[in-house]
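# Survey of secondary and tertiary structure
Residues per chain are reported as follows:
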Amino acid sequence: MALQHPHMQHPHGQHPHAPAGGGRDLDVNPVFSREPLTIPRYALPAGQLAPGTAYQIVHDELMLDGNERLNLATFVSTWAEPEAARLMAECAAKNMIDKDEYPRTAELETRCVHMLARLWHAEDPRHAVGCSTTGSSEAAMLGGLALKRRWQARRRAAGEPADRPNLVMGVNVQICWEKFANYFEVEPRYVPMEGDRYHLGAREAVELCDENTIGVVAVLGSTFDGSYEPVADIAAALDDLERRTGLDVPVHVDGASGAMIAPFLDPDLRWDFRLPRVASINTSGHKYGLVMPGLGWALWRDAEALPDDLVFRVNYLGGDMPTFALNFSRPGAQVVAQYYTFLRLGFEGYRRVQGTCRDVATRLSAEIGRLGPFETLGDGGDLPVFAFRVREDIANFTVYDVSAALRESGWLVPAYTFPENRTDLAVLRIVVRNGFGHDLADLFLDDLRRVLPRLRAQREPQRDAGDATGFAHGAEPKKAGFKQARPTKTEPTKTESRKTGPTKAEPKKAGSTKTRRGKAGSK
Ligand SMILES: *Cc1c(COP(=O)(O)O)cnc(C)c1O
C-alpha cells in the first residue's frame, strides 16, 4: 500500500481500503493515561511512545484484518510450524546478500537450489544454476530477462535486428508476466481462452511465435482454475516448429504453485528439465513450498541458459560469488525456513501434505458440484485449486452475491470474471492449502449450504462485477492477442489500454492497478 498516497482520491469512488477517518488523528485508548490521547495518522509523530503503548496501538489496528486461515483466496502459506517460525525469528537480522558475513545461510540457499534441481530433473544437478528471490514475481523477471538476453545475443550474432522482442503466453498468466513485459519492454502476446480451454494450448502458442519470440511461458497451475498447462505438448509443438522453420524458441515454466505439487503427486508428468526445451523454472517457496511469505526460486537448466552478463559478482569469503537478483538486501529468514521445511518433511512429507490438499480439493469440488446451483471448473486434481460458477439458468443471484454471503461467516472467496474470450464467465475460486483440512472444508460447506436458501429467495442479483473484491490473486483480466507495436515509454496510453479489463470489476486506470495489487498483495 505504500504506493498509494493516503489522501489520493480513488478514481472510482471510495476504494474499500481507502483511509478511514479522513485524515483525522488516531484516537488512542485513554487507558494509556500518560500518553497523548491522539497521535497523527499520516505524519511522523513528533515524540516517542513507550514500546508497550506503540505495540498495542499497532496490534489493535491490525485486529480487523481478515483471518489468514480463512483466506481461501491466497496461494501463499498462512501457517508455519513453531520451529520454522522460531528459526525465522532467529534469522530476522540476516541479510541474504551478505554471503561473506553469513556463509552458512548462503550454503543453505545453495543446498535448496540443488534439491530443487534434483526434484525438477536437471541433467546435472551439481551444476544447476539458480537462486532464491522474494517470490515468483521476481523469479519471473529474472527468467524473462535471461530469455530476452539470450534472444538478443542470438539475433545480434546473426546480424539481425534485436529491438522487437515478444513473449508468448496464455491470457491466464499471472500479472507478474504482464509486469515483466511492461517493465522490460517486451511485447506480450496473449493466447485467448476459447470455449472450455482456459489456458495455453500448444497449437495456439506456436501460431503466435516468430523470429522475435524470446520464449513461451507455460504455467504449471493456472491461477484462474488450477489447471496445469500442457507443457510437454507445448514443447513438442515448438520442437516441430524448429524442424519446420529453424526457429528455436525456449520455454520458461511458471511453476509458482505446480512446481511444488507435480514432483510429489504427478511424478510421471513431464513438465520440467526432462524436456530439453525447458530452459528455466520458477516457483514460490511461500506457496506450496510451505514457507511464510517472502520467498521464490528461479532455476536454469544449465549455465548456458543464464547469460553470464546478467550475473554480478559479490565478494564471498575472499572469493567471488555470482548473484542474479533484482534486490540487493533481502531477508535470509525465509531461505532458512525453506531449508528447515525440506529437512523436516522430506519427499514423503511433502507428498503427504500436498496429497491431503488434493484430497480436500477434489472432495470439496465434488460436493459443491452436488449442491445444485453450481458448476465446477476443474476438480482440484491438478493444483488443489478449483473454480466454480453459478449455473447459467440461475438469474437471481451471482458469484458476487455468493462471495459476499460467505464473507459474513469470515470466508474470503474471490469472485472474478475470466479474460478473453470468456469474459462472459464469472467464477468463485477456492485454493486449498496446508492447514485447510477436511474439517474446515465441512465447515465451509455448512456455511455455503446455509446461505443458499436466502440467495435462492432473492428476486434479483444484489451484487455484480462492480462489487467484486480485489483479491483474485493475479487472476485479473488482460487483453488477448497482440499489438504490432510493443508498448514504449513514449506511448503510455497503449500500456493503459492493454490493462483495461473487460468488466466493471477492474479499475481502468494503470494507477489504480497499484491499489488493487496492494490489496491482493496481502496474499
Ligand atoms: C502466485 C503466482 C505468481 C506470482 O508469485 P509471487 O510469489 O506471489 O510473486 C506467478 N505466477 C503464478 C502462476 C502464480 O500462481
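Residues numbered from 1 in each chain as written. Predicted model: local features only at pLDDT ≥ 70, side-chain atom pairs only at ≥ 80, totals over all residues.

Within an unreviewed UniProt entry, the label attached to the chain reads Glutamate decarboxylase, and the organism entered is Actinomadura chokoriensis. Per UniProt, the chain carries the Cofactor (unreviewed entry) text "pyridoxal 5'-phosphate". In the Sequence similarities (unreviewed entry) part of its UniProt record, the chain is described as follows: "Belongs to the group II decarboxylase family." (UniProt positions renumbered as here; feature names shortened; annotations may be inferred.)

### Digging into the site of the ligand
Close to the ligand lie 15 residues; Gly135, Ser136, Ser137, Gln174 and Ala256 are nearest. Per-class residue counts for the shell around the ligand are four nonpolar, 10 polar and one charged. (Near = placed C-beta within 6 Å. Nonpolar A, V, L, I, M, F, W, Y, C, P; charged D, E, K, R; others polar.)

### Remarks on the pairing of strand β8 (residues 278–284)
Consecutive residues of a regular strand have side chains that alternate between opposite faces of the sheet. With respect to burial, β8 is a largely interior element, seven of its seven residues being buried. Where β8 lies against strand β9 (residues 296–300), five bridges are found, and the strand directions are antiparallel. Residue Ser284 lies in a different strand from β9, and its bridge partner there is Gly296. (Buried ≥ 20, exposed ≤ 12 C-beta atoms within 10 Å, placed from the backbone. Helix = DSSP H or I, 4+ residues; strand = E, 2+ residues; numbered from the N terminus. Pairing = 2+ DSSP bridges.)

### Some remarks on the sheet that holds β8
An order of β3-β9-β8-β7-β6-β4-β5 is seen for the seven strands of this open sheet, with the pairing classed as mixed. The two strands at the open ends of the sheet, each matched to only one other strand, are β3 (129–133) and β5 (187–191). On average, each strand axis in the sheet is inclined to that of its neighbour by 20°, with strand direction left out of account. The strands touched by helix α5 (residues 175–183) within the sheet are β4 (166–170), β5 and β6 (213–219), with β5 carrying the most contacts at an inclination of about 150°. Sheet strands in contact with helix α7 (residues 231–245) are β6, β7 (251–254) and β8, and its direction is about 170° off that of β7. (Axes fitted to C-alpha atoms, helices over the stretch in contact; angles between N-to-C directions. Contact = placed C-beta atoms within 7 Å.)

### Quick notes on the environment of Val360
Mapped onto the elements of the fold, Val360 is located in helix α9 (residues 333–370). For Val360, a count of 22 C-beta atoms within 10 Å puts it in the buried group. Residues Val360 and His438 lie 78 residues apart in sequence; the distance between their C-alpha atoms is 5.8 Å. Here Val360 is in contact with Pro384, Val432, Phe436, Gly437, His438 and Ala441, once residues within four sequence places are set aside.

### Description of the pairing of β4
Counting buried positions along β4 gives five out of five residues, so the element sits mostly inside the fold. Looking at chain direction, β4 and β5 are connected through five bridges and run parallel. Its bridge partner being in β5, Leu167 is matched across the sheet by Pro188. Crossover handedness for the path β4 to α5 to β5: right-handed. Inspection of the sheet shows β4 paired to β6 by three bridges, in the parallel sense. Its bridge partner being in β6, Leu167 is matched across the sheet by Gly215. (Right-handed = clockwise from strand over helix to strand, strands pointing away.)

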